[in-house]
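# Structural characterization, general
Listed here are the chains, written in short residue letters.
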Amino acid sequence: MSKDTEDVVVEAKEEDKKIVKPIIEIIDYKEEIHLETSEIKIANKIAVMLPMTGKYAKIGKAILDGINISIEEIETTKKPDISIFDTGDSSIDIKEILENINSEDFSLIVGPLTKKNINQVYLYKNNNIPNITFNYSDSYIKKNKSIYQFGLLPEDEAICAANKALIDQKHNVIIIQPNNKWGERVGNAYKLRFEEFGGEILSTVVYDVNDMQIGNLIKENIGVKESQLRKKQIEKLLNQKFIFTPFIREDIDAFFAVGTHKQMQIIKPQLDFNYAEGIQVYSSSHIYRGTKDKKLYKDLDEIIFCDIPWLYNKINLSDKEKFYSNNSKKKLLRFVALGIDVIKVFPYLAKLKDEKNKHIKLNTGYLSIDEFNKIRRNPIYVKFKNGLAKEYKK
């Protein structure tokens, strides 16, 4: 290589660094927050509003399992007392529950779970007791300084996946999403984040979850059909057949493909079959049920997705093993982690609220508080390798 060529290569690499560095500075994890032992205040009496009966009872009980795990880990002689208020009945009176809570000396309220009940909390809550919900309101309602919204938003994972693609210098992406509200939410969140930092969405493939004949949709969007059509035109023009390998459009850097593990077991092989096997696929935790099963996930190798740290670390191993052996609970481990974190984040609320450039690393991700009192999660990166999902730190 000549000296001039070397100079050009070095200059190009420096330009790449100038582009990537600001992205990493903006979207990478914030500075971690620390509290002195004297600053850590434990709630001594906790009101828990969760569905113990009805449609969402399994989720409510999984969150409660996490709350109990977290309380057991508190290193004090007197553990916090908890009182459970069942919100499983569709006709439950949230106003009455709040009045009951007001009449007692609670230092923390956690819950409720459903958006409907959260909206009612905003309407009727008239005390200064910190209240951490397990979901996010979808209404533009009056801000209440004592209410913090916390949950497992799929949008947080879409933003995380967009961040990873940008860090990996994937600037042109095709989105593949299901034709339902969840798919639209996740796809839109990814698009907004990706375009915010200069990425380009080449196209969006929307597939029917009830009819997974997605091969033709993929062919059309990655250029294989066009390539095959050109082959036929040339054969017709020359009046002879020839061996031909179709090729895909050259501007595709990556795919953001989302769905259940069953849907992705169709989508990923279709991408590989249609000559896109070397292109990186990013996704969300929806593709992983949290259990080790090489056969189940063997077709998803090399996919990078975002998820909660708790499923991949060595914390609460005995509790996790217990849940893994329970068929009704092993699919709800992320809600258990949510219950653990709602107790652990409480002592940090005031500081996180004051220092929005900082986070605390817990079981559901790197947590920070935005200007709307929403606790936002920055999950970790995970990659499938040989059918196993493991944290990916590269």
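Please refer to the structure placed before this passage.
What you see is a predicted model; the values in this text were computed from it and never measured.

## Quick notes on the packing of aromatic side chains
Applying the stated criterion across every chain, the model contains nine aromatic pairs. Between Tyr 288 and Tyr 312, the aromatic rings sit 6.0 Å apart at their centres with planes inclined by 25 degrees, giving stacked as the arrangement. Pair noted here: Tyr 288 is in the loop between β10 (280-284) and α10 (294-297) and Tyr 312 is in the loop between β11 (304-307) and α11 (317-324), with a separation of 24 residues, a long-range link. The pair Tyr 288 / Tyr 312 is uniform in exposure class, with both members buried. Aromatic rings pair up to connect Tyr 288, Tyr 297, Phe 305, Tyr 312 and Phe 384 into one cluster.

## Things to note about helix α9 (residues 261-276)
Compared with an ideal rise of 1.5 Å per residue, which puts 16 residues at 22 Å, α9 spans 19 Å between its outermost C-alpha atoms and falls more than 12% short. Within α9, burial applies to His 261, Gln 263, Met 264, Ile 267, Lys 268, Leu 271, Asn 274 and Ala 276. When α9 is viewed along its axis, its buried side chains cluster within an angular range of 155 degrees and face the same direction. Of the residues in α9, the exposed ones pointing more than 90 degrees away from the buried face are Lys 262 and Phe 273.

## Focus on the pattern of salt bridges
In a structure, side chains of opposite charge can pair up when their charged atoms sit close to one another. All told, the structure shown has 19 salt bridges when counted by the stated rule. Taking the shortest distance from any N to any O, the salt bridge between Arg 193 and Glu 196 comes out at 3.5 Å. Note that Arg 193 and Glu 196 are positioned in helix α6 (residues 181-196) at a spacing of three residues, about one turn of the helix. The class for Arg 193 is buried, based on a relative accessible area of 18%. In this structure, the salt-bridge partner of Lys 322 is Asp 319, at a minimum N-O distance of 3.9 Å. Of this pair, Lys 322 and Asp 319 both sit in helix α11, three residues apart, which is roughly one turn of the helix.

Rules behind the numbers
- Residues numbered from 1 in each chain as written.
- Predicted model: local features only at pLDDT ≥ 70, side-chain atom pairs only at ≥ 80, totals over all residues.
- Heavy atoms only, no water.
- Phe/Tyr/Trp six-rings, centres within 6.5 Å; stacked < 30°, edge-to-face > 60°.
- Helix = DSSP H or I, 4+ residues; strand = E, 2+ residues; numbered from the N terminus.
- Buried < 20%, exposed > 50% of the residue type's maximum accessible area, 1.4 Å probe, protein only.
- Expected span 1.5 Å × (residues − 1).
- Arc of directions from axis to C-beta.
- Salt bridge = Lys/Arg side-chain N within 4 Å of Asp/Glu carboxyl O.

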